[in-house]
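One letter stands for each residue in the lines below.
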Amino acid sequence: MVVSAELVWRSGDRKRELVEFSRRRRFDRAFRQAFERRFGEAPEVDEEQFINFLDFFVLQQRLPDGRTLVEHFVAEHPGLSEEERVMLLGWREVVEGVFRVQRRDGDALVAVNLVDELTYRVRSNRGPAALASMRRGTFVIARLVPIGEEWLLSGASMVLSAADRDEAYQLAAKLATEHPALVFRNPERLAQGRQRQREERRHFIAFFGSDLVVLSGQELAARMGAYWHFRMHEVRDAQGRSAADRTRERYGAAARVPEADLPADLNEADTVGVVFDEVEGNYFWADFGVVQETFADPALAARRRHREAVLGYLEAPSVSPLAFRRLAEPDPERASRVLRRVLRRPGFSWERDGEALLRRYKPSWFERPVLPSVTPISRVLSGHYRPDRWPSKGGKRS
């Protein structure tokens, strides 16, 4: 379905109103906090960076009440047409990428995103003239938002010439590896990621004997280094080649065992839980041992250290609900007894109340799909990026 030029034009008016709405005093604190998280306290921010940050803030940043600014805007403007309401709320789905322009198609561009390998029909609410520099063969670094079944440029864009191909692919590879959700917009890549994650989990279990192990902080780096040596040199594919062999064939150089890209405070923790779940992938949980002890012996919940450790896991936004599901799985009744004590809720039942508890304390984990922690990228992108870091998701850092 081709989007009407009139709706594209109106989208520019609505966007200007949305940006003006974001300047209301009640959003000042959230803006400052988001700005400092991205740029630090004394940043040097150029115009393009600021425009794209503002675009992120109005469309994607979650405010203290859990809603985005665009959701507030729609709720407070009842006069919007249904078409405009749908369009504005759809703008929460931002696609970032490096787009190779294939051709012009009327007032739109047809371009392939190097990150997710999908094709997009792109318009500008500033009119076709805004697309004039985006000629066939050039690369456009941009943010897109949906408008009907097409896409609209949002924020600031940058155009690279066809001669800048290597730079474009390097930027796309960086985006793909640092923001895997962008890759997983492609259903084929999502299926591949899930399959590779299952394979990686099998290797993890082959080395550690289980998909969940508890290590001391002092031994963590050495054990993960040993695992990656095993993964690089001892695991073989159907042709009998190791990952080191394949790296040597592709790059003509010896493979480097990846370093464990882990926060320094994990090394200082008494214990670290390392899990490789079939669905959620790899996590590192600091001080997991004391929480695991508590769920194994609910009487320990009477001790302050154990009680605070369990409550800390519950309140930490960085800890996936998976941690509690794993802890409760061996004996739900024991888990109920622990949480009755910690929460001071005598009638608590894990089987009845556990999921609601997790949704209450960890709502953000239920607002996004669970994605693989193993990211498959195209061969041409992988040729522009050599990963040398352990690919792990975040965990509890205390």
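Rules behind the numbers
Residues numbered from 1 in each chain as written. Predicted model: local features only at pLDDT ≥ 70, side-chain atom pairs only at ≥ 80, totals over all residues. Heavy atoms only, no water. Helix = DSSP H or I, 4+ residues; strand = E, 2+ residues; numbered from the N terminus. Phe/Tyr/Trp six-rings, centres within 6.5 Å; stacked < 30°, edge-to-face > 60°. Buried < 20%, exposed > 50% of the residue type's maximum accessible area, 1.4 Å probe, protein only. Lys NZ or Arg CZ within 6 Å of the ring centre and 35° of its normal. Contact = heavy atoms within 4.5 Å. Core = buried A, V, L, I, M, F, W, Y, C linked by side-chain atoms within 4.5 Å. Salt bridge = Lys/Arg side-chain N within 4 Å of Asp/Glu carboxyl O. Expected span 1.5 Å × (residues − 1). Pairing = 2+ DSSP bridges. Axes fitted to C-alpha atoms, helices over the stretch in contact; angles between N-to-C directions.

Visitor: Help me understand unusual backbone geometry in this model?
Guide: Backbone phi values are negative for most residues with the exception of glycine, while trans is the configuration of most peptide bonds. For glutamate 117, which is not a glycine, the phi torsion comes out positive at approximately 65 degrees. By the element assignment, glutamate 117 lies in the loop between strand 2 (108-113) and strand 3 (119-123). In the Ramachandran plot, arginine 344 falls in the positive-phi region, its phi being about 55 degrees despite a non-glycine side chain. Positionally, arginine 344 belongs in the loop between helix 15 (332-343) and helix 16 (350-361).

Visitor: Teacher, can you tell me more about the packing of aromatic side chains here?
Guide: The geometry of an aromatic ring pair comes down to the distance between the two centres and the angle between the two planes. Under the criterion given, the structure shown has 28 aromatic pairs. Each ring, one from tyrosine 283 and one from tryptophan 365, has its centre 6.1 Å from the other, and the planes form 70 degrees; the classification is edge-to-face. In this pair, tyrosine 283 is assigned in strand 8 (residues 281-286) and tryptophan 365 in the loop between helix 16 and helix 17 (379-382), connecting sequence segments 82 residues apart. Summarising the burial analysis for this pair, tyrosine 283 and tryptophan 365 share the class buried. An aromatic cluster is built from Phe204, Phe207, Phe208, Tyr227, Trp228, Phe230 and Phe276, whose rings are joined through pairwise contacts. The cationic tip of lysine 15 hangs over the ring face of tryptophan 91; the distance from NZ or CZ to the ring centre is 5.9 Å. Above the face of the tryptophan 365 ring, arginine 368 is positioned so that its terminal group lies 4.7 Å from the ring centre.

Visitor: Where do I start with the side chain of lysine 15 in this structure?
Guide: Looking at the secondary structure, you find lysine 15 in helix 1 (residues 5-22). Under the relative-accessibility criterion, lysine 15 is labelled buried at 16%. If sequence neighbours within four positions are ignored, lysine 15 has contacts with Asp55, Val58, Trp91, Ser154 and Gly155.

Visitor: Explanation requested: the nonpolar core in the structure shown.
Guide: Ranked by size, the top nonpolar core spans 29 residues in total, and within it Trp285 and Phe324 carry the most contacts. Looking at this core, the elements that each hand over two or more residues are strand 8, helix 12 (288-296), helix 13 (304-315), helix 14 (322-328), helix 15 and helix 16.

Visitor: Help me out: how do you make sense of the pattern of salt bridges in this one?
Guide: Close approach of charged atoms lets side chains of opposite charge pair. Per the stated rule, a full pass over the model turns up 35 salt bridges. For arginine 14, the salt bridge goes to glutamate 17, with nearest N and O atoms at 2.9 Å. Taken together, the positions of arginine 14 and glutamate 17, both in helix 1 and three residues apart, correspond to about one turn of that helix. A relative accessible area of 12% means that arginine 14 is categorised as buried. Accessibility expressed as a relative area gives 33% for glutamate 17, which makes it partly exposed. Taken together, the shared-partner salt bridges in this structure form one network comprising Glu6, Arg10, Arg14, Glu17, Glu83 and Glu84.

Visitor: Just to check I follow, could you spell out helix 1 for this structure?
Guide: Over its 18 residues, helix 1 extends 26 Å from the first C-alpha to the last, a length consistent with the 26 Å expected when each residue adds 1.5 Å. Three or more residues of helix 1 are buried, namely Leu7, Val8, Arg10, Ser11, Gly12, Arg14, Lys15, Leu18, Val19, Phe21 and Ser22. Where helix 1 is buried, its residues contact helix 3 (47-59), helix 4 (69-75), helix 5 (82-90), strand 3, strand 4 (139-147) and strand 5 (150-160).

Visitor: Before we go on, may I ask you to explain the sheet that holds strand 7 (residues 271-277) in this structure?
Guide: As a general point, the strands of a sheet are linked pairwise by backbone hydrogen bonds and lie either parallel or antiparallel. What the three strands build is an open sheet, ordered 6-7-8; its pairing is antiparallel. Each of the sheet's edge strands pairs with one partner strand only, and the pair in question is strand 6 (212-216) and strand 8. Strand after strand, the sheet turns through a mean of 20 degrees between neighbouring axes, direction not considered. Note: strand 7 against strand 8, six bridges, orientation antiparallel. Across the sheet, residue glycine 273 finds its bridge partner in strand 8, namely tryptophan 285.

These values are about where atoms sit, not about what they do.
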